[in-house]
Number of protein chains: 2
Amino acid sequence: MRYKPGYKQEKRKELLQISGQLAKQQGFAATGVDGFMKAAGVTSGAFYSHFSSKHELLKALVEAELQQSLAMWQENPHDDPADWIEFELNRYLNLSHVQHADRGCVLPALASEVARSEDDVKQLYQQELLRGHALFTRHLGCEIKAWGVLCQLVGAITLARGMADESLQKQIIESSKTFLKANL
Amino acid sequence: MRYKPGYKQEKRKELLQISGQLAKQQGFAATGVDGFMKAAGVTSGAFYSHFSSKHELLKALVEAELQQSLAMWQENPHDDPADWIEFELNRYLNLSHVQHADRGCVLPALASEVARSEDDVKQLYQQELLRGHALFTRHLGCEIKAWGVLCQLVGAITLARGMADESLQKQIIESSKTFLKANL
DNA sequence: GTCTATACGCGGATAGAC
DNA sequence: GTCTATCCGCGTATAGAC
């Protein structure tokens with residue numbers, strides 16, 4: 001056998017990692033299978049030995065990316081609620097996150113594409129988002145506030161990314177941060 | 001001459017109206033020129049006598065749609081700040097807006113596509129959004145709050161549209177509304 | 001101003017060699 | 001498991017008739 005056992009699983013993980021970056025940056029629909037695979041250093045033919053269709057890639061991507069976001073939220077070292085949320089706001093609401101979607105959270109990056117996808121993709125997105133909401137609720141002590149913060153985070157990044165001027169991007173995310181800090 | 005003077009201008013307006021609905025529903029990139037024109041009852045050939053390219057259509061669309069949103073905000077009949085904002089929250093944050101993107105605000109519908117577009121589209125988007133922000137600032141008496149509300153509105157609709165279950169869509173927008181009302 | 005026809009490239013997916 | 005080659009459909013854009 002020319003390939004070690006376990007190789008396929010590792011390769012799949014690598015493909016998801018690289019495809020995720022590309023999808024968040026350029027958009028999933030806007031990127032061809034060729035583009036995803038070229039970024040990973042293989043050809044489109046190899047793609048279909050890992051995923052049965054492009055749609056399956058989207059599902060795998062949504063799942064992997066959201067679990068990654070969840071993992072980051074869980075790695076927050078603070079216990080005190082005020083410290084915990086301040087840490088998250090600073091990590092999420094900054095210029096680097098606005099300008100480097102490829103390294104950022106999948107929620108704002110692929111939200112509209114998920115919204116326009118089949119139900120199975122939305123089910124996955126919903127399921128993982130609910131885990132995130134539960135996590136925020138634990139730290140904020142309130143379900144309403146948890147949704148409020150999540151919406152605010154996604155909205156701020158989404159709006160800021162549509163701005164042409166960096167100064168305005170900064171104004172939006174800083175205002176959003178100030179607004180949240182004043183209301184938690 | 002087989003066509004009345006002024007006809008072209010009217011037709012262009014009609015094309016923008018119908019294309020706007022389709023773009024907000026299916027996505028701008030995901031819809032072909034054929035699709036836009038078929039919805040308007042003409043063929044793709046006719047398209048190019050109104051717009052020089054698909055990219056020009058996007059620019060015209062962003063401008064027309066944002067001005068329409070701005071107009072709706074200006075039609076709010078209330079003077080009292082609390083009444084004014086409550087009216088807007090109820091109009092924006094409801095299930096119908098989540099489920100019928102074609103009749104809804106362009107901000108959440110095309111945000112990601114604008115973010116991934118050329119600079120000229122972003123400039124337009126930015127310019128019109130700033131007018132909206134100025135309007136909200138006048139009624140809320142605070143620039144920070146104005147950005148906070150705008151981000152919250154966009155984020156809530158964006159997230160809710162990715163949910164598979166209607167009950168969860170409702171939970172998100174109602175939570176977002178409650179969160180805002182408690183903090184203004 | 002709108003139509004039909006068409007050129008041309010890209011994207012998704014499959015077949016078969018290695 | 002990955003490669004090259006290829007089929008086929010769709011999308012942007014243009015040319016020329018009416």
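The structure we're discussing is the one just above.
Residues numbered from 1 in each chain as written. Chains lettered and ligands numbered in written order. Predicted model: local features only at pLDDT ≥ 70, side-chain atom pairs only at ≥ 80, totals over all residues. Heavy atoms only, no water.

Caption draft 1: Spotlight on the overall build of chain A. Across its full length, chain A holds 10 helices and 0 strands. Mapped from its N terminus to its C terminus, chain A presents α and β elements in the order α-α-α-α-α-α-α-α-α-α. In terms of overall dimensions, chain A is globule-like: its C-alpha atoms have a radius of gyration of 18 Å, near the 16 Å expected for 184 residues. For chain A, the spread of C-alpha atoms along the three principal axes comes to 60 × 35 × 30 Å. The buried share among the 184 residues of chain A stands at 52%. Within the structure as shown, chain A displays about 8500 Å² of accessible surface, and the carbon and sulfur contribution to it stands at 49%. Of the side chains in chain A, 21 bear a positive and 22 a negative charge, and the two mean positions are spaced by 5 Å. (Helix = DSSP H or I, 4+ residues; strand = E, 2+ residues; numbered from the N terminus. Rg over C-alpha atoms; globule rule 2.2 N^0.38 Å. Buried < 20%, exposed > 50% of the residue type's maximum accessible area, 1.4 Å probe, protein only. Areas by Shrake-Rupley, 256 points an atom, 1.4 Å probe, with all protein chains shown as cover. Lys, Arg positive; Asp, Glu negative; His and termini not counted. Charge placed at Lys NZ, Arg CZ, Asp CG, Glu CD.)

Caption draft 2: Quick look at the relation of the copies chain B and chain A. In the superposition of chain B on chain A (RMSD 0.0 Å, axial shift 0.0 Å), the rotation amounts to 180 degrees. Such a combination of rotation and displacement between the chain copies is what one expects of a two-fold axis. Taking the C-alpha atom as reference, chain B places B:Gly155 closest to the rotation axis, 1.8 Å from it. Looking at chain B, 100% of its interface residues are interface residues in chain A too, so the copies touch through the same face. (Least-squares fit on C-alpha atoms with pLDDT ≥ 70 in both. Contact = heavy atoms within 4.5 Å.)

Caption draft 3: Representation of the interface of chain B and chain A within the structure. Between chain B and chain A, the contact holds 50 residues from the first and 50 residues from the second. Here chain B meets chain A over a buried area of about 3800 Å², counting both sides, of which 66% is carbon and sulfur. Linking chain B with chain A are 2 salt bridges, by the criterion used here. B:Arg116 is the salt-bridge partner of A:Glu113, the closest N and O atoms lying 3.8 Å from each other. (Buried area = accessible area lost by both parts, 1.4 Å probe. Salt bridge = Lys/Arg side-chain N within 4 Å of Asp/Glu carboxyl O.)

Caption draft 4: Quick peek at the protein's contact with DNA strand D. Lining the immediate environment of DNA strand D, one finds 19 residues, of which A:Lys8, A:Thr43, A:His50, B:Val33 and B:Lys54 sit closest. Here the atoms of DNA strand D within 4 Å of the protein split so that 76% fall in sugar or phosphate, with bases taking the remainder. Within the backbone of B:Val33, a nitrogen or oxygen atom sits 2.5 Å from a phosphate oxygen of DNA strand D. At 3.1 Å, a side-chain N or O of B:Tyr48 approaches a phosphate oxygen of DNA strand D. With 3 residues, helix H1 (residues 7-26) of chain A is the largest single contributor of residues to the surface near DNA strand D. (Near = heavy atom within 4 Å. Polar contact = N/O pair within 3.5 Å; in protein donor to acceptor, adjacent residues only side chain to side chain.)

Caption draft 5: Here's a closer look at the layout of surface pockets. The calculated volume of the largest pocket comes to roughly 580 Å³. Along the walls of the largest pocket sit 25 residues, with A:Ala29, A:Ala30, A:Glu113, B:Ala29 and B:Glu113 positioned nearest its centre. Elements that contribute at least two residues to the lining of the largest pocket include exactly helix H4 (54-74) and helix H7 (106-115) of chain A together with helix H4 (54-74) and helix H7 (106-115) of chain B. If one sorts the elements of the lining of the largest pocket by residue count, H4(A) sits on top with 3 residues. (1 Å grid on protein atoms, 1.4 Å probe; cavity = no way out; pocket = protein on both sides within 12 Å on 5 of 7 lines; lining within 4 Å. Points joined across faces, edges and corners; volume = space filled by probe spheres on them.)

Caption draft 6: Region of the structure containing the protein's contact with DNA strand C. Around DNA strand C there are 19 residues in total, and A:Val33, A:Lys54, B:Lys8, B:Thr43 and B:His50 lie nearest to it. In the environment of DNA strand C, a phosphate oxygen lies 2.8 Å from a nitrogen or oxygen atom belonging to the side chain of B:His50. Within the residue set of the surface near DNA strand C, elements represented by two or more residues are helix H1 (7-26) and helix H3 (44-47) of chain B. Among the elements that take part in the surface near DNA strand C, H1(B) stands out by supplying 3 residues, more than any other. Grouping the constituent residues of the surface near DNA strand C by class yields 6 nonpolar, 8 polar and 5 charged. (Nonpolar A, V, L, I, M, F, W, Y, C, P; charged D, E, K, R; others polar.)

Read these as layout, nothing more, since geometry by itself doesn't imply function.
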